[in-house]
Amino acid sequence: MDFILSNARLVSMRPGDAGYQVTEPQNITIQHGKITAIEATKPVAKACASFDCTGKLVTPGLIDCHTHLVFAGSRANEFEMRLKGVPYQEIAKQGGGILSTVKATRDASLQQLIDMALPRLDGLIRSGVTSVEIKSGYGLTLDDELKMLRAAKALESHRAVRVTTTLLAAHALPPEYSQRSDDYIEHVCQTIIPAVAEEQLASAVDVFCESIGFSLAQTEKVFQAAKQYGLKIKGHTEQLSNLGGSALTASYDGLSVDHIEYLDTQGVQALAKSNTVATLLPGAFYFLRETQLPPIEELRAHNVPMALATDLNPGTSPFADLTMMMNMACTLFRLTPEEALRGVTCHGAKALGHGDSRGQIAPGFDADLAIWNVAHPAELSYQQGFPQLHARVVEGAFYPV
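None of the values given here were measured: they were computed from a predicted structure.

Rules used in this analysis
Residues numbered from 1 in each chain as written. Predicted model: local features only at pLDDT ≥ 70, side-chain atom pairs only at ≥ 80, totals over all residues. Heavy atoms only, no water. Pairing = 2+ DSSP bridges. Helix = DSSP H or I, 4+ residues; strand = E, 2+ residues; numbered from the N terminus. Axes fitted to C-alpha atoms, helices over the stretch in contact; angles between N-to-C directions. Contact = heavy atoms within 4.5 Å. Right-handed = clockwise from strand over helix to strand, strands pointing away. UniProt positions renumbered as here; feature names shortened; annotations may be inferred. Buried < 20%, exposed > 50% of the residue type's maximum accessible area, 1.4 Å probe, protein only. Phe/Tyr/Trp six-rings, centres within 6.5 Å; stacked < 30°, edge-to-face > 60°. Lys NZ or Arg CZ within 6 Å of the ring centre and 35° of its normal.

Glancing now at the sheet that holds strand β7 (residues 129-135). One open sheet accounts for eight strands, arranged β6-β7-β8-β9-β10-β11-β12-β13; its pairing is parallel. Looking at which strands have only one partner, the edges of the open sheet turn out to be β6 (62-64) and β13 (306-308). Neighbouring strand axes in the sheet, compared pairwise and without regard to direction, differ in orientation by 25° on average. Inspection of the sheet shows strand β10 (residues 232-237) paired to strand β11 (residues 256-259) by four bridges, in the parallel sense. Bridged to His236 within β11 is Asp258. The strands touched by helix α7 (residues 216-228) are β8 (162-170), β9 (204-209) and β10; relative to β9, the strand with the most contacts, the crossing angle is about 180°. Each of β6, β7 and β13 is contacted by helix α12 (residues 322-332), which is oriented at about 85° to β6, the strand it contacts most.

Moving on to the pairing of β11. At this point the chain moves from β10, through helix α8 (residues 245-251), to the parallel β11, and the crossover so formed is right-handed. In terms of strand pairing, β11 meets strand β12 (residues 277-280) through three bridges, oriented parallel. Bridge pairing links Val257 to Ala278 in β12. A crossover connection joins β11 to the parallel β12 through helix α9 (residues 265-274); in handedness this β-α-β unit is right-handed.

Okay, the UniProt feature "binding site: 4-imidazolone-5-propanoate" (unreviewed entry) in the protein chain next. The UniProt record marks Arg75, Tyr138, His171, Gln239 and Thr316 with the feature "binding site: 4-imidazolone-5-propanoate" (unreviewed entry), using the residue numbering of this structure. Examined against the element boundaries, Gln239 turns out to sit in the loop between β10 and α8. By relative accessible area, Gln239 is classed as buried at 10%. Residues within four places of Gln239 in sequence aside, it is in contact with Phe208, Glu210, His259, Ile260, Glu261, Tyr262, Leu288 and Glu290. Along the chain, Thr316 turns up in the loop between β13 and α12. Among residues more than four places away in sequence, those in contact with Thr316 are Gly283, Ala284, Phe287, Leu288 and Asp311.

This part is about the packing of aromatic side chains. One pass over the full model with this rule turns up 10 aromatic pairs. Between Phe287 and Phe319, the aromatic rings sit 5.9 Å apart at their centres with planes inclined by 80°, giving edge-to-face as the arrangement. Within this pair, whereas Phe287 is found in helix α10 (residues 282-287), its partner Phe319 is found in the loop between β13 and α12, the two being separated by 32 residues in sequence. Each member of the pair Phe287 and Phe319 is classed as buried. Taken together, the ring pairs connect Phe79, Tyr286, Phe287 and Phe319 into an aromatic cluster. Over the aromatic face of Phe71 sits the side chain of Arg120, whose NZ or CZ is 3.5 Å from the ring centroid.

Another point: unusual backbone geometry. One non-glycine residue, Ile260, lies in positive phi territory at about 55°. When you line up the elements, Ile260 lands in the loop between β11 and α9. Judged by its relative accessible area of 0%, Ile260 is buried. In this structure, Arg334 is a non-glycine residue whose phi angle is positive, near 65°. Taking the relative accessible area as the measure of exposure, Arg334 reaches 60% and is therefore exposed.

Written as structure tokens, this is what we have:
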């Protein structure tokens, strides 16, 4: 049976200026999880399931295209120590930093990781999210990386949400490989990637290409292994310095490069040529009190699509609210509300490889929608702390708040 959203004022996020304009009330017909028709408002047959959207605004469901949502432990004490002036090196010596999360995640069971992730996922859902990407990267052994990815995939059976998983085994150097980063990269390429591909636990591979992460040459080795096993490419690049990781990712037809505060003109041009998405992560920028802004004007000038995401993680962006990221992107990066909304809809979909099926309201697209108690889409970037979400539609099924 068809499901119809009637009297829906749409913000379709289709290409062009009209994609951000609020339409007159229309009916959206949904069948088998897809949008099959968008028509002028007319009476709905009594036999047809429907929801009256009078007075509400309908957008594509929001897409959080970069999270580290599955992890164990807390870094609140580390946050407090930093604010008291304790250097990061001292915090790390005392067992803090990313390796503290690695230890806690390794110690946690699969079920414990699922249970801890659900409240974070609920926060994203309350902000209108219907699709979320979840990375591994806090296990750093074969068994623990597989455990993280299995936990991420299991979340779909607990909540109405679409989960895309990404292998980020090249996130940090595990303690057992201290001073042997090349050996660890070899382990990632020869052992972890093949196992993940065999179980189909991830659709993409990511690398933290940075002076405190992995070199350009090591990053390329991981990309080559990912390609060999049919996995897509993403990159944590140019967050702290300019190593050329974004251009390298683009040369491998990467889906996205993320952070990119230190991206230069050559890197922007490489993205434009490859059509790789630039993913902005204002939560980490804010939390770390960064001052180096991403090259927003150059990205605009070269028509590079800009996605937005929470980067939800325990150390540098402990935020489970995608609309808050929209506000941060507007206030910190000076994005327009339209750019912010595109960043969490059509461009976020593209950053996950779903640009042809999600992130827009159009016939043939997935029926993943957010229904809001707002009059204009700019309110999603403008207001914080107000209960704006009324309901979500995920794969054609209706889920009230």
